[in-house]
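A closer look at the structure
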Amino acid sequence: MLVRRWIRQLGAELTEQICAANNEPPHVSIRANARRHSRLELLEQLQASGLDAEASALAPAGILVRGAGNMALAPAFQQGDFSIQDESSMLVAEALDPHPGMRVLDCCAAPGGKTAHIAEKMDDAGTIWACDLHEHKEKLIADQAERLGLSAIQTLVMDAANLDEHFAAESFDRILLDAPCSGLGVIRRKPDLKWAKQEAEIEAISELQHAILSKVHRLLKPGGVLVYSTCTIEHAENEGMIERFLAANSEFELAPLPEAVFAGIDPQAAATGMIQILPQQFHSDGFFIARLRKRT
């Protein structure tokens, strides 16, 4: 089913490349905690300890580590020097581009990797509301914040579709909606997906994404930025979702992605404000990121 669907959307050649990439083991990548060390400093420490490590060509805070085993067992992880995160996922906070002192909403935050990255980029100055539907996942976010020494993160258990009933309209400078999705960009990490996922599920999740996006955008201040992201390569959940949203919400427009980070990845996508990373391009997760600005 998936192969036929991708051939229709992407063509046979690109589909073959994606399928081949999905059968390869994923990289181990970590994100330097800029509040403790620069990426270069952490990289030098890792190399000095005998690890095979190199800077990510994709993510400014990213480091690739080979043959090191479980990096969560390293003392430097427990000390908060780094987090374990895919390179593509690290680009989401870069697209959001938060600044110290801002008020930020992370709508579907668990397990908290992107939330923590946002807080690090804000130098832990400001307020970040990290929300998730599931109560047991709230602790995952809180544990991340504690390990990394971040106090700006506040957690809330709530359905993202109801956040507009909890927070005041136009009360956030930045909003991240890392939406629930089909997950078809992370098949190399979850190989069972390629056998289990049904087309009806993709349609259902698209409607859920639209329902959440249709509510949370009301919480953004004029001039603010909303980043919509998924770990899938499905058009209906990605470009199609943004086109659908913009058609119904004329007060929003696509805004260019930060040039310093994204121009080297895909200059055209950086300028348009939407980027789709496919699994074979950088051997990272398949990811979609769109940057929307609310007109003043």
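The sections below set out a description of the structure shown in this document. Bear in mind the structure is a predicted one, so any value in this text is a computation, not a measurement. The numbering scheme is per chain: residues are counted from 1 as the chain's sequence reads. A pLDDT threshold of at least 70 governs which residues receive local features in this predicted model, and a stricter bar of 80 or more applies before side-chain atom pairs are shown or counted, although totals over entire chains, interfaces and linings include all residues. With hydrogens and water set aside, each side-chain value is computed from the structure's full complement of heavy atoms.

**Some remarks on the overall build of the protein chain**
- A helix here means a DSSP run of H or I that spans at least four residues, while a strand means a run of E at least two residues long, and both kinds are numbered starting from the N terminus. Assigned secondary structure in the protein chain consists of 14 helices and 12 strands.
- All radius of gyration figures rest on C-alpha atoms, and the globule criterion is 2.2 Å times the number of residues raised to 0.38. Against the 2.2 N^0.38 benchmark of 19 Å for 296 residues, the protein chain shows a C-alpha radius of gyration of 18 Å, consistent with a compact globule.
- If one aligns the C-alpha atoms of the protein chain with their principal axes, the spans along those axes are about 55 × 45 × 40 Å.
- Looking at the protein chain as a whole, 53% of its 296 residues are labelled buried.
- Long-range contacts, defined as pairs at least 24 residues apart, comprise 73% of the intrachain contacts of the protein chain with a sequence gap of at least 6.
- As used throughout, the charge tally considers Lys and Arg to be positive and Asp and Glu to be negative, leaving His and the chain termini uncounted. Charged side chains are reduced to one point each, which is NZ for Lys, CZ for Arg, CG for Asp and CD for Glu. Each charge class in the protein chain can be summarised by its mean position, and for the 28 positive and 41 negative side chains these summaries are 2 Å apart. When a residue's accessible area, from a 1.4 Å probe over protein chains only, is under 20% of the maximum for its type it is buried; when over 50% it is exposed; and in between it is partly exposed. It only takes one pair of heavy atoms within 4.5 Å for two residues to be counted as in contact.

**A few points about the side chain of Glu-87**
- With respect to the helices and strands, the residue Glu-87 is situated in helix 5 (residues 87–96).
- There is no salt bridge for the buried Glu-87, and the closest opposite charge comes from Arg-189, which lies 7.2 Å off by N-O distance.
- The term polar contact refers here to a pair of N or O atoms within 3.5 Å; inside protein, the definition further demands a hydrogen-donor-capable atom paired with an acceptor-capable atom, and it admits residues adjacent in sequence only when both atoms are side-chain atoms. A distance of 2.5 Å separates a polar atom in the side chain of Glu-87 from a polar atom in the side chain of Ser-56.
- Once you skip the residues sitting within four places of it in the chain, Glu-87 turns out to touch His-27, Ser-29, Ser-56, Ala-57, Leu-58, Ala-59, Leu-64, Phe-282 and Ser-284. The rule for a salt bridge is simple: a side-chain nitrogen of Lys or Arg has to be within 4 Å of a carboxyl oxygen of Asp or Glu.

**Description of the packing of aromatic side chains**
- Centres within 6.5 Å are what make two rings of Phe, Tyr or Trp a pair, Trp counting through its six-membered ring; a difference in plane orientation under 30 degrees is then read as stacked, over 60 as edge-to-face, and the rest as tilted. Evaluation of the coordinates by the stated rule reveals five aromatic pairs.
- The ring of Phe-172 carries the charged tip of Arg-103 above its face, separated from the ring centre by 4.4 Å. The rule for a charge over a ring is simple: NZ of Lys or CZ of Arg within 6 Å of the ring centre, and within 35 degrees of the ring normal.

**Observations regarding the packing of helix 5 against helix 6 (residues 113–121)**
- Axis separation between helix 5 and helix 6 bottoms out at 9 Å; the angle between their running directions is 45°. It follows that helix 5 is oblique to helix 6 by the angle criterion. Remark: the crossing between helix 5 and helix 6 carries right-handed chirality. Facing Ser-89, Met-90, Val-92, Ala-93, Glu-94 and Leu-96 of helix 5, the residues of helix 6 in contact are Lys-114, His-117, Ile-118 and Lys-121.
- Any residue that is not Ala, Val, Leu, Ile, Met, Phe, Trp, Tyr, Cys, Pro, Asp, Glu, Lys or Arg is counted as polar, Gly included; the first ten are nonpolar and the last four charged. Tallied by class, residues from the contact of helix 5 with helix 6 come to five nonpolar, two polar and three charged. Here an axis means a line fitted to C-alpha atoms, over the contact stretch when the element is a helix, while the angle between two N-to-C directions is reported on a 0 to 180 degree scale. An angle below 35 degrees is read as roughly parallel, one above 145 as roughly antiparallel, one from 65 to 115 as roughly perpendicular, and any other as oblique. By convention the crossing between two helices is left-handed if the near helix lies anticlockwise of the far one by an angle smaller than a right angle, and right-handed if it lies clockwise.

**With respect to helix 2 (residues 12–22)**
- Buried within helix 2 we find Thr-15, Ile-18, Ala-21 and Asn-22. The buried side chains of helix 2 occupy one side of the element, clustering within an arc of 125° when seen end-on. Of the exposed residues in helix 2, those oriented more than 90 degrees away from the buried face are Ala-12, Glu-13 and Glu-16.
- Looking at the buried residues of helix 2, the elements they touch are helix 1 (2–10) and helix 14 (279–282). The directions considered for the arc are those from the helix axis to the C-beta atoms.

**Some words on the side chain of Ser-56**
- One can find Ser-56 in the loop between strand 2 (52–55) and strand 3 (62–66).
- In contact with Ser-56, not counting residues within four places along its chain, are Arg-39, Gly-62, Ile-63 and Glu-87.

**Some details on the nonpolar core**
- Put simply, a nonpolar core is a bunch of buried Ala, Val, Leu, Ile, Met, Phe, Trp, Tyr and Cys residues held in one set by side-chain atoms that sit within 4.5 Å of each other. Counting 37 residues, the largest nonpolar core has Leu-91, Phe-262 and Ile-289 as the members making the most contacts within it.
- Counting residues per element, this core draws most heavily on helix 5, at six residues.
- What Leu-91 contacts, discounting residues up to four positions off in sequence, is Leu-58, Ala-59, Pro-60, Val-261, Phe-262, Ile-265, Ile-277 and Ile-289.

**Structural notes on the sheet that holds strand 4 (residues 82–84)**
- Note on pairing: DSSP must find at least two bridges between two strands before they are called paired. Within the open sheet, the four strands sit side by side as 2-3-1-4. Their pairing is antiparallel. Sheet topology places strand 2 and strand 4 at the edges, where each strand pairs with a single neighbour. Adjacent strand axes in the sheet meet at a mean angle of 30°, parallel and antiparallel pairs treated alike.
- As judged from the four bridges shared by strand 2 and strand 3, these two strands associate in the antiparallel manner. Paired with Ala-53 across the two strands is Val-65, which belongs to strand 3.
- On top of the sheet, helix 5 reaches strand 1 (28–32) and strand 3; it is set at about 25° to strand 1, its chief contact.

**Quick notes on the environment of Gln-85**
- With respect to the helices and strands, the residue Gln-85 is situated in the loop between strand 4 and helix 5.
- For Gln-85, a relative accessible area of 8% puts it in the buried group.
- It is 23 Å that separates the C-alpha atoms of Gln-85 and Gln-209, two residues lying 124 residues apart in sequence.
- What Gln-85 contacts, discounting residues up to four positions off in sequence, is Ser-29, Ile-30, Arg-31, Met-90, Gly-113, Lys-114 and His-117.

**Focus: the pairing of strand 12 (residues 287–294)**
- Counted residue by residue, strand 12 has seven buried out of eight residues, so it is predominantly covered.
- Bridge analysis of strand 11 (residues 274–277) against strand 12 gives four bridges, and the strand direction is antiparallel. Its bridge partner lying in strand 12, Ile-277 is registered against Phe-287.

Note that all results are geometric; they support no functional claim without further evidence.
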